[in-house]
Amino acid sequence: MHPWLLELNPQQQAAVTARPGPVLVMAGPGSGKTRVLTYRVAWLLAENHAQPWNILAVTFTNKAAREMAERLEVLLGTRLRGLTVSTFHAFCARTLRREAQFLPFSSAFVIADEDDQRRLLKQIIRGDLNLDEKSYNVHRVKAAISRAKNEGLGPEAFPRRTYRDEVVAKIYARYQQRLLEANLLDFDDLLLWTVRLFQEHPQVLARYQDLFRHLLVDEFQDTNGIQYQLVRLLAEQHRQVFVVGDMDQSIYRWRGADYRNLMRFERDFPDAQVVLLEENYRSTQNILDVAMAVLYHRRRRAAHRKQLRARRGSGPPVVLQQVFNEQAEAEFVARIAVDLARRAGIPLGDMAVMYRTNAQSRVLEEELLRVGLPYHLVGAQRFYGRREVRDVVAFLRLAFNPDDLASLERVINVPPRGIGARTLQALYRRAEALGLSPGRALLHLAEQPEDWTPHLSARALKALYGFAQMLQAWHVRVAELAPAQLLDRIVADVGYEAYVRDGTDEGDERWENVKELRRLATEFEQQGLAAFLERVALVADQDTLAPGEEGLTLLTIHAAKGLEFRVVFLVGLVEGLLPHSRSVDDPEALEEERRLLYVGITRAKDYLFLLVPQYRMAYGGLDFAEPSRFLAPLKPPLVHDGSTQKQPRAKRAERYDARPHRGNRREAAPRRPSMPRLRPGDRVVHARWGEGFVLQVERSHGDTLVQVAFDSGQVKVLLAEYLQKL
Ligand code: ATP
Ligand code: MG
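Cut-offs and rules
- Residues numbered from 1 in each chain as written.
- Chains lettered and ligands numbered in written order.
- Predicted model: local features only at pLDDT ≥ 70, side-chain atom pairs only at ≥ 80, totals over all residues.
- Heavy atoms only, no water.
- Near = heavy atom within 4 Å.
- Polar contact = N/O pair within 3.5 Å; in protein donor to acceptor, adjacent residues only side chain to side chain.
- Areas by Shrake-Rupley, 256 points an atom, 1.4 Å probe, with all protein chains shown as cover.
- Pairing = 2+ DSSP bridges.
- Helix = DSSP H or I, 4+ residues; strand = E, 2+ residues; numbered from the N terminus.
- Expected span 1.5 Å × (residues − 1).
- Buried < 20%, exposed > 50% of the residue type's maximum accessible area, 1.4 Å probe, protein only.
- Contact = heavy atoms within 4.5 Å.
- Salt bridge = Lys/Arg side-chain N within 4 Å of Asp/Glu carboxyl O.
- Axes fitted to C-alpha atoms, helices over the stretch in contact; angles between N-to-C directions.
- Parallel < 35°, antiparallel > 145°, perpendicular 65-115°, else oblique.
- Nonpolar A, V, L, I, M, F, W, Y, C, P; charged D, E, K, R; others polar.
- 1 Å grid on protein atoms, 1.4 Å probe; cavity = no way out; pocket = protein on both sides within 12 Å on 5 of 7 lines; lining within 4 Å.
- Points joined across faces, edges and corners; volume = space filled by probe spheres on them.
- Phe/Tyr/Trp six-rings, centres within 6.5 Å; stacked < 30°, edge-to-face > 60°.
- Lys NZ or Arg CZ within 6 Å of the ring centre and 35° of its normal.

1. What to know about the site of ligand 1
In step 1: Inspection of the region around ligand 1 gives 19 residues, with Q12, K33, T34, E564 and R603 positioned closest.
In step 2: Between ligand 1 and the protein, one listed contact pairs a nitrogen atom with a backbone N or O atom of E7 at 3.1 Å.
In step 3: With respect to ligand 1, the backbone of G32 contributes an N or O atom lying 3.1 Å from an oxygen atom.
In step 4: Starting from 630 Å² of accessible surface for ligand 1 in isolation, the protein chains cover 82%.

Okay, here's the thing in structure tokens:
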């Protein structure tokens, strides 16, 4: 008996030491599936069932692969040469490079990124096939091709039900051809070509089957059609395939994942030994009870329930907390994080904030920067580093300061308006001749186009003139429009929404980020554009996490799969975010959203905070937000309802200081001149809404927000500045 087998419970041991052959481990979160898979590899090696190079272990992320390899070296106490622990994509890329002689590309292929894909598709749609880009939107075509590839369908097998499908199939065929000509593979191609390689070259497949005699796959519920095919092909011969998964945690349907692969596995490997794990080692029982209440909201019969039993006792209560808005939410997170770090001694690295969409990180990031709490984002660009945010900021900067050459260069051809390198050179030459910066030269062009005609080609002139007119219109309105209005105008003029928003999830997310930036802009109605741009520049420049420093982790719930943290904050638990507004009309998508919350909850080991903002910033003010429907089953004593208690209002986290002594407590934000104090019950008047009573007063982000019941019957939340006390 190997000593480390004692670190497992009897069921886990049974799975780890199951006789070689197909094994399926199905079990809930935190039950040790990943641990069992890791120990299985150790056992295969220790028992001499395999040499390291005979093993292929597949994880969901590269990070998980690294962690698994490290853990194995600790378990076995040796360096493991030749062991393959990787994601499907990494394994495929390696295989294709090695076997390129059998394939229509060379081993020096490059993996095409999103931009490459888009550029290529655009050329084909507009250039080669001369199609209307509105009907054959690049992003949607790209998504359709990706879906087909994930099903293992090449252009010839692309399902043709309508005329449109015929055309998309044609675009797909050309796209593949062009990729090959350029020795490019897109992300989905990695899987597609590998499966094809194995199907069309049995002798190659046989080699791989012989080499990888043991195949292990984590997170099996989130494999897609082609990944399943790959597993089947590789395992056909030896049938020594070990997969672990949990149907209730399948959250990647939108990317082609299909949890029914777990059932397919049982069908295709009828002799599989099935092991169920029943104990949860990660979380406290309080956390698991909340997770089950969310998941099993409708399933009353105990027989259908998979109980999650905690090994660790009940632990502190789960907190469900209503807060005023997203800002208050961020302040809450910061305050509790500082508290837990100081009083409970929990390292920040053991805490995570999770949200549904990347755009939600903005408010959090700013608050964490304000109080000096180090953090890092997983799997996402920091908000101000995101392309769409930088584009829109560049437009605003250019409108404010036409001399800003970097911004000009960034956006002069965004969305593409035919201003290429040659036209840009012509502009620079002309600007030099006029003794103006290129931006100023454009303003000149807008006013006196006739001065320009002799100097530029008609085509270049036309392209530049269009942009120049817009720029001039923005520039002259900088003083008169509020930042948010200027932003609206720019976005409308250039057609930015249509440019980023293309019906794909990714496009929606990009547009969400633009809207999020706009929300921030609304806060600068009084201070104006210069103050807004300064704020953006300052925040964007700060680097929060010095290398090696521990910080709070900010990530989407999707990215949190498989991970665990002692403290988890789930923020923005309101209708429209979780469930996402995109999912509410589709029952299956809705169930996936519920599972997503379940996955989020079950990441927590000790402390779980569920946060529900009552208001969200929207166009033109604050909007009432409804708590997520998934929270309905969560009533005391299942959760501690923090909102019913009197909260120490307006108490914000002090600046976080990692050093033990904390002498000077500086306020980071400048104070505003004080307003006449309003209290609930005060009578007020508003220029537009008339007279009413104050219901609630809340300080947030240096602003005083007042909820007023107007005599007209409307209830609004307004900035105190706009109210007069009667
Ligand atoms: P998920 O479904 O979220 O991926 P999982 O089933 O893969 O969860 P693991 O991550 O493997 O669960 O295990 C959860 C935690 O419990 C880990 O910290 C792991 O080390 C610990 N754990 C699992 N089994 C045992 C055990 N027998 N003894 C002690 N700790 C254990
Ligand atoms: Mg796991």
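So much for the structure itself; the text now carries on.
2. Concerning the sheet that holds strand 14 (residues 552–556)
In step 1: If you trace the seven strands from one edge of the open sheet to the other, you get 13-14-12-15-16-11-19, paired in parallel fashion. Strands with a single pairing partner mark the edges of an open sheet, and in this sheet they are strand 13 (375–377) and strand 19 (640–641).
In step 2: Where strand 11 (residues 319–323) meets strand 16 (residues 604–613), five bridges bridge the pair, whose relative direction is parallel. Note that in strand 16 the partner of V319 across the bridge is F609.

3. Structural notes on helix 24 (residues 587–601)
The α-helix winds at 3.6 residues per turn, so residues separated by three or four positions along the chain end up facing the same way.
In step 1: Across its 15 residues, helix 24 extends 21 Å between first and last C-alpha, which sits within 8% of the 21 Å expected from 1.5 Å per residue.
In step 2: Judged by how many residues are buried, helix 24 sits mostly within the fold: twelve of 15 residues are covered.
In step 3: Every buried residue belonging to helix 24 is among A589, L590, E592, E593, R594, R595, L596, L597, Y598, V599, G600 and I601, and all of these are buried.
In step 4: Each element contacted by the buried residues of helix 24 is listed here: helix 12 (285–295), strand 12 (351–355), strand 15 (565–570) and strand 16.
In step 5: Of the residues flanking the start of helix 24, the one acting as N-cap is D586, its side-chain oxygen 3.0 Å from the backbone nitrogen of E588.

4. Focus: the pattern of salt bridges
In step 1: Enumeration over the complete set of coordinates arrives at 48 salt bridges.
In step 2: The closest approach of N and O atoms between R356 and E593, which form a salt bridge, is 2.8 Å. Of this pair, R356 sits in the loop between strand 12 and helix 14 (361–371) while E593 sits in helix 24, placing them 237 residues apart in sequence.
In step 3: The closest approach of N and O atoms between R518 and D488, which form a salt bridge, is 2.7 Å. One end of the pair, R518, is in helix 22 (residues 505–522); the other, D488, is in helix 20 (residues 483–494), and 30 residues separate them in sequence.
In step 4: Judged by its relative accessible area of 27%, D488 falls in the partly exposed class.

5. Details of the packing of helix 17 (residues 421–434) against helix 18 (residues 438–447)
In step 1: Between helix 17 and helix 18, the least distance of the axes is 9 Å, while the angle of their chain directions is 85°. Here helix 17 is positioned roughly perpendicular relative to helix 18, judged by the angle of their axes. Together, L427, Y428, A431 and L434 of helix 17 and P438, A441, L442 and H444 of helix 18 make up the contact between the two elements.
In step 2: Here the residues of the contact of helix 17 with helix 18 sort into seven nonpolar, one polar and no charged.

6. Re empty space enclosed by the protein
In step 1: This model, assessed by the stated rule, comprises five cavities of 30 Å³ or more.
In step 2: Quantified by volume, the largest cavity comes out at close to 70 Å³.
In step 3: Forming the walls of the largest cavity are E326, E329, A330, Q360, V363, L364, V571, G572 and L577.
In step 4: No other element matches helix 13 (residues 326–343), which puts three residues into the lining of the largest cavity.
In step 5: Here the lining of the largest cavity is built from residues that sort into five nonpolar, two polar and two charged.

7. So, the packing of aromatic side chains
In step 1: Scanning the entire structure with this criterion turns up 19 aromatic pairs.
In step 2: Between the aromatic rings of Y615 and F624, the centroid separation amounts to 5.8 Å while the plane-to-plane angle is 75°, which identifies the pairing as edge-to-face.
In step 3: Residue classification places Y615 among the buried positions, given a relative accessible area of 8%.
In step 4: Looking at F624, the relative accessible area reads 61%, which means it is exposed.
In step 5: Within the aromatic cluster, the residues linked to one another by ring pairs are F91, F198, Y208 and F212.
In step 6: The residue whose ring lies beneath R683 is F693, and the NZ or CZ to ring-centre distance is 4.6 Å.

8. Description of the packing of helix 7 (residues 163–181) against helix 8 (residues 187–200)
In step 1: Taken N-terminus to C-terminus, the directions of helix 7 and helix 8 make an angle of 90°; their axes are 13 Å apart at the nearest point. On the basis of the axis angle, helix 7 is roughly perpendicular to helix 8. Here helix 7 contributes Y172, Q176, L179 and L180 to the contact with helix 8, which in turn contributes D189, L192 and W193.
In step 2: For the contact of helix 7 with helix 8, the residue count by class is five nonpolar, one polar and one charged.

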